[in-house]
Amino acid sequence: MPAYCPYSKFQVGACLLAEDGRTFKGCNFENASYSAGICAERCAVANAVVNGARRFKAIAVVGSTAVAWPCGICLQVLREFCGPDMPVIAGAFGKGYRVRTLGELLPEGLTPEDLGVNV
Ligand SMILES: [Zn+2]
């Protein structure tokens, strides 16, 4: 999946594995108004949600030239749908990968339960 990154030239792809076995891809896409862009991880989550997936088993994120760990906003978006034990696999194209859990990367993320909602 090609990213749209004419400004940074840093391509990122993400793939979410849903509990039902489906996979959902996302890419970063930038905008001339920089803050209007979105990360590959949130693009993948949006792709999944629009297709009815709400629970996930893992996410892999790959950057074109450097390891692409999810940013804080993406970690919080993932925490909405994923438990703290979910593996987050981050790598750089052709340079290997590392694995952490969502809870390691975002130990105190806000959850629906924190707001009294059981989704
Ligand atoms: Zn992000």
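Presented here is a report on the structure given in the accompanying data block. (Residues numbered from 1 in each chain as written. Predicted model: local features only at pLDDT ≥ 70, side-chain atom pairs only at ≥ 80, totals over all residues. Heavy atoms only, no water.)

1. So, helix α1 (residues 40-50)
Burial in α1 covers these residues: Ala40, Glu41, Cys43, Ala44, Val45 and Ala48. On its buried side, α1 packs onto β1 (12-18), β2 (23-27), β3 (56-63) and α2 (72-81). Just beyond α1, the residue with positive phi is Gly52, at close to 90°. (Buried < 20%, exposed > 50% of the residue type's maximum accessible area, 1.4 Å probe, protein only. Helix = DSSP H or I, 4+ residues; strand = E, 2+ residues; numbered from the N terminus. Contact = heavy atoms within 4.5 Å.)

2. Observations regarding the packing of aromatic side chains
With the rule as written, the count across this model stands at 2 aromatic pairs. Taken together, a centroid distance of 5.7 Å and an interplanar angle of 40° make the contact between Tyr7 and Tyr34 tilted. With Tyr7 in the segment before β1 and Tyr34 in the loop between β2 and α1, this pair connects stretches of sequence that are 27 residues apart. Judged by centre distance (6.3 Å) and plane angle (80°), the ring pair of Phe56 and Phe81 falls under edge-to-face. (Phe/Tyr/Trp six-rings, centres within 6.5 Å; stacked < 30°, edge-to-face > 60°.)

3. Here we look at the coordination of the zinc ion
Only Cys39 (SG), Cys71 (SG) and Cys74 (SG) from the protein coordinate the zinc ion, and they sit 2.2 to 2.3 Å from it. One chain supplies every donor for the zinc ion, spaced along it as C-x31-C-x2-C. Here Cys39 is found in the loop between β2 and α1, whereas its partner Cys74 is found in helix α2, with 35 residues between them in sequence. Given the relative accessible area of 1%, Cys74 is considered buried. (Donors = N, O, S within 2.8 Å, 3.2 Å for Na, K, Ca; no water.)

4. Re the pattern of salt bridges
The tally for this structure, following the rule as stated, stands at 1 salt bridge. Here Asp20 ties to Arg22 by a salt bridge, and the two come within 2.9 Å at their closest N and O atoms. By relative accessible area, which is 34% here, Arg22 ends up partly exposed. (Salt bridge = Lys/Arg side-chain N within 4 Å of Asp/Glu carboxyl O.)

5. Some thoughts on the pairing of β1
A regular strand places its side chains so that they alternate between the two faces of the sheet. Side chains of β1 alternate between two faces, with Val12, Ala14, Leu16 and Ala18 buried and Gly13, Cys15 and Leu17 left unburied. As defined by bridge partners, β1 adjoins β3 across 7 bridges and the pair is classed as antiparallel. The partner of Val12 across the bridge, within β3, is Gly63. Both β1 and β2 contribute to a ladder of 5 bridges, which runs antiparallel. The residue of β2 that forms the bridge with Gly13 is Cys27. The turn linking β1 back onto β2 is made up of 4 residues, and Gly21 within it adopts a positive phi angle of 95°. (Pairing = 2+ DSSP bridges.)

6. Observations regarding the side chain of Asn28
Its place among the elements puts Asn28 in the loop between β2 and α1. For Asn28, the side chain forms a polar contact with the main-chain nitrogen of Val12, separated by 2.9 Å. Beyond its immediate sequence surroundings of up to four residues, Asn28 is in contact with Ala3, Tyr4, Cys5, Phe10, Gln11, Val12, Ile38, Cys39 and Ala40. (Polar contact = N/O pair within 3.5 Å; in protein donor to acceptor, adjacent residues only side chain to side chain.)

Note that every value here comes from positions in space, so none of it alone points to a role or purpose.
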